Amino acid sequence: LMALAAFICFVASRSHEAYTALAVIEVVITLLFFLLYLLKLDKKMKWLFWPLADIFNSVIAAVFLLIVCLFAIIIKTNYGTLVGGVLGLVLLVLCVVDAVVLFRKISLSGPRERNYPTR
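All values derive from a computational prediction rather than experimental measurement. (Residues numbered from 1 in each chain as written. Predicted model: local features only at pLDDT ≥ 70, side-chain atom pairs only at ≥ 80, totals over all residues. Heavy atoms only, no water.)

Asks: I would appreciate a short explanation of the overall build of the protein chain in the present structure.
Replies: Counting its secondary structure elements, the protein chain contains five helices and zero strands. Scored against the burial criterion, the 119 residues of the protein chain give a buried share of 32%. Total accessible area on the protein chain is roughly 8,400 Å²; 73% of this is exposed by carbon and sulfur atoms. (Helix = DSSP H or I, 4+ residues; strand = E, 2+ residues; numbered from the N terminus. Buried < 20%, exposed > 50% of the residue type's maximum accessible area, 1.4 Å probe, protein only. Areas by Shrake-Rupley, 256 points an atom, 1.4 Å probe, with all protein chains shown as cover.)

Below, the structure written as structure tokens:
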């Protein structure tokens, strides 16, 4: 929702295309991961360790959000760009929290989660 709100602020303020593109990419990637977990496709496509891919996405998104949103706040052509930049920084914090929580949840050396109970 934060990425969508930042996207709306950037579009409404007619800010630079890079700000809008980053917000759109984050909305789309977030929706794809949401659908992946909602439809339980991660259980069917076991060739990729999806939580690790989600952590990788969060870290890369945090780096891009840091760069782009700081530029949006520093340059601030209008209030929409400033609000979008602040919302992007809030999204940056959420991406870092997501990456940390997922990293603590997964275990790369241990067995993966099972779909059936053990005896």
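Asks: Teacher, can you tell me more about the UniProt feature "transmembrane region" (unreviewed entry) in the protein chain here?
Replies: UniProt's entry tags residues 20–39, 51–75 and 81–103 with the feature "transmembrane region" (unreviewed entry), counted in the numbering of this structure. Taken end to end, residues 20–39 comprises 95% helix and 0% strand; its first and last C-alpha atoms sit 28 Å apart. Structurally, residues 51–75 comprises 100% helix and 0% strand, and the distance from its first C-alpha atom to its last is 36 Å. (UniProt positions renumbered as here; feature names shortened; annotations may be inferred.)

Asks: Hey, could you run me through the environment of T77 in this one?
Replies: By secondary structure assignment, the location of T77 is in the loop between α4 (50–75) and α5 (79–105). Sequence separation between T77 and R14 is 63 residues; the distance between their C-alpha atoms is 9.4 Å.

Asks: Is there a simple way to think about the nonpolar core in this case?
Replies: Note that soluble globular proteins tend to have their nonpolar side chains buried in a common cluster. Judged by nonpolar contacts, Y19, L22, A61, A62, L65, V68, C69, A72, L91, L92 and C95 together constitute the single largest core of eleven residues. Ranked by residue count, the leading element in this core is α4, at six residues. Those residues in contact with L22 that sit more than four places away from it in its chain are F64, L65 and V68. (Core = buried A, V, L, I, M, F, W, Y, C linked by side-chain atoms within 4.5 Å. Contact = heavy atoms within 4.5 Å.)

Asks: Explanation requested: the environment of L70 in the structure shown.
Replies: Position of L70 among the secondary structure elements: in helix α4. Separated by 15 residues in sequence, L70 and G85 have C-alpha atoms that sit 6.8 Å apart.

Asks: Would you explain helix α2 (residues 17–38) in this entry?
Replies: Here α2 contains 22 residues, and its C-alpha end-to-end distance of 31 Å stays within 8% of the 32 Å for a straight helix at 1.5 Å per residue. Those residues of α2 that fall on the buried side of the exposure criterion are Y19, T20, L22, A23, E26, V27, F33 and L36. (Expected span 1.5 Å × (residues − 1).)

Asks: What am I meant to see in the packing of α4 against α5 here?
Replies: What describes two packed helices is the angle between their axes and the distance between those same axes. Between α4 and α5, the shortest axis-to-axis distance is 8 Å and the interhelical angle comes to 155°. Judged by the inter-axis angle, α4 sits roughly antiparallel to α5. Between α4 and α5 lies a crossing whose hand is left-handed. (Axes fitted to C-alpha atoms, helices over the stretch in contact; angles between N-to-C directions. Parallel < 35°, antiparallel > 145°, perpendicular 65-115°, else oblique. Left-handed = near helix turned anticlockwise from the far one by under 90°.)

Asks: Would you take a moment to explain the packing of α2 against α4 for this structure?
Replies: Where α2 contacts α4, the two axes come as close as 10 Å, and the packing angle between them is 160°. One element, α2, and the other, α4, form an angle in the roughly antiparallel class. You can see that α2 and α4 cross each other, and the crossing is left-handed. Mapping the contact onto sequence places A18, Y19, L22, E26, I29, F33, L36 and Y37 in α2 and W50, P51, A53, D54, N57, A61, F64, L65, V68, F71, A72 and I75 in α4. Residue classes in the contact of α2 with α4 are distributed as 17 nonpolar, one polar and two charged. (Nonpolar A, V, L, I, M, F, W, Y, C, P; charged D, E, K, R; others polar.)

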